[in-house]
Amino acid sequence: MLVQGKNAIVTGGSQGIGRAIALKLAENGANVAILYVGDRQRGAETVKEIEALGVKAMEVYCNVADFEESKAAVDEVVKTLGSVDILINNAGITRDNLILKMTEAEFDSVINVNLKGTFNMIKHTYPLFMRQRYGRVVSISSVVGIGGNKGQANYSASKAGIIGMTKSAAKELASRGVTYNAIAPGFIETDMTAVLPEEAKKAMCDQIPAKRTGKPEDVANLALFLASDMAAYITGEVVRCDGGMQM
Ligand code: NAI
């Protein structure tokens with residue numbers, strides 16, 4: 001029970017990697033609030049699954065890219081659960097295109113959700129964490145935020161931005177017992193990657209030393225560790241979770 005009695009927010013917690021992290025934290029004793037947009041049925045199912053693990057669960061339908069909406073969501077979680085100890089910034093989208101063809105809207109939407117959304121959540125929880133002298137923040141970046149990727153200028157810039165923001169926040173609040181770390185997943189099987197053609201998936205898999213794609217649980221295990229007190233002396237760190245894809 002690594003996070004027994006803690007209260008956690010998981011953005012994009014309705015499905016995929018976020019859902020796996022929400023369940024992993026719940027399995028380890030944390031109450032969990034998921035913030036998400038999109039399929040409400042999936043959100044409701046995830047809430048039920050969390051509750052079945054014997055902890056409190058709640059959902060807030062919230063666009064993290066919206067400053068006021070994300071502030072209201074944090075307030076609602078504090079009101080319902082009493083506090084926040086753990087923040088997992090996982091909500092993310094892709095709008096892939098070569099720069100030659102990438103529209104302004106494609107660039108802006110990815111930066112707004114992935115990077116500004118992460119800023120909004122870090123900003124709104126910052127005073128709480130500072131006051132209570134405790135906080136664990138884990139933000140989901142990507143290996144392409146480190147190495148770049150053809151067709152993902154918007155996405156890789158947003159994920160690189162998360163790394164810079166993580167390190168800056170870590171420096172600001174390290175003396176207050178608040179840690180900020182990032183995870184850089186490689187190829188993880190979720191809806192986000194299900195849209196890729198089989199051939200592209202196989203070619204990518206061949207290049208992974210572990211010779212398999214990642215599962216959401218692979219990322220969730222690392223998120224649990226970084227969100228726990230076992231990682232109290234780790235901050236400003238970026239940890240890859242990619243089967244050795246990028247070294
Ligand atoms: P997914 O598409 O299955 O889930 C995305 C989640 O984000 C959903 O719960 C959705 O409701 C939420 N979301 C999207 N826009 C939102 C918004 N504006 N406000 C609030 N919530 C919003 O994606 P997946 O694969 O689970 O990805 C989760 C995170 O992991 C993303 O940040 C993604 O960039 C990152 N990642 C995924 C990789 C993969 O191979 N699947 C690899 C590296 C990073």
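Overview of the structure. No experiment lies behind these values; they were computed from the predicted model shown. (Residues numbered from 1 in each chain as written. Predicted model: local features only at pLDDT ≥ 70, side-chain atom pairs only at ≥ 80, totals over all residues. Heavy atoms only, no water.)

1. Things to note about the nonpolar core
Of all hydrophobic cores here, the largest spans 36 residues; its most connected members are I9, L35, V77, F129 and Y180. At the level of secondary structure, the elements contributing two or more residues to this core comprise β2 (31-36), β3 (57-61), α3 (67-81), α4 (104-132), α6 (153-173) and β6 (178-185). Counting residues per element, this core draws most heavily on α4, at eight residues. Non-local contacts of V77, meaning those with residues more than four positions away in its chain, are made with I9, A33, L35, M58, V60, G82 and V84. Grouped together as the second largest cluster of nonpolar side chains are 33 residues, V10, I21, V55 and C241 included. (Core = buried A, V, L, I, M, F, W, Y, C linked by side-chain atoms within 4.5 Å. Buried < 20%, exposed > 50% of the residue type's maximum accessible area, 1.4 Å probe, protein only. Helix = DSSP H or I, 4+ residues; strand = E, 2+ residues; numbered from the N terminus. Contact = heavy atoms within 4.5 Å.)

2. Structural notes on the site of the ligand
As a structural note, the neighbourhood of the ligand is formed by 28 residues, with V37, N90, Y155, I188 and T190 the closest of them. Note that an oxygen atom of the ligand is positioned 2.8 Å from one of the side-chain N or O atoms of S14. One nitrogen or oxygen atom from the main chain of N90 is found 2.7 Å from an oxygen atom belonging to the ligand. For the ligand, whose accessible area on its own is 840 Å², the fraction buried by protein is 93%. Looking at the shell around the ligand, the elements with two or more residues in it are α1 (16-27), α6 and α7 (191-194). Sort the elements by how many residues they give to the shell around the ligand and α7 lands first, with three residues. (Near = heavy atom within 4 Å. Polar contact = N/O pair within 3.5 Å; in protein donor to acceptor, adjacent residues only side chain to side chain. Areas by Shrake-Rupley, 256 points an atom, 1.4 Å probe, with all protein chains shown as cover.)

3. Comments concerning the packing of α1 against helix α9 (residues 216-227)
Running from N to C, α1 and α9 cross one another at 50°; their axes reach a closest spacing of 8 Å. With respect to α9, the axis of α1 lies oblique. In this structure, the crossing between α1 and α9 has a hand that is right-handed. Across the interface between the two elements, G16, I17, A20, I21, K24 and L25 of α1 pack against P216, E217, V219, A220, N221, A223, L224 and A227 of α9. For the contact of α1 with α9, the residue count by class is ten nonpolar, two polar and two charged. (Axes fitted to C-alpha atoms, helices over the stretch in contact; angles between N-to-C directions. Parallel < 35°, antiparallel > 145°, perpendicular 65-115°, else oblique. Left-handed = near helix turned anticlockwise from the far one by under 90°. Nonpolar A, V, L, I, M, F, W, Y, C, P; charged D, E, K, R; others polar.)

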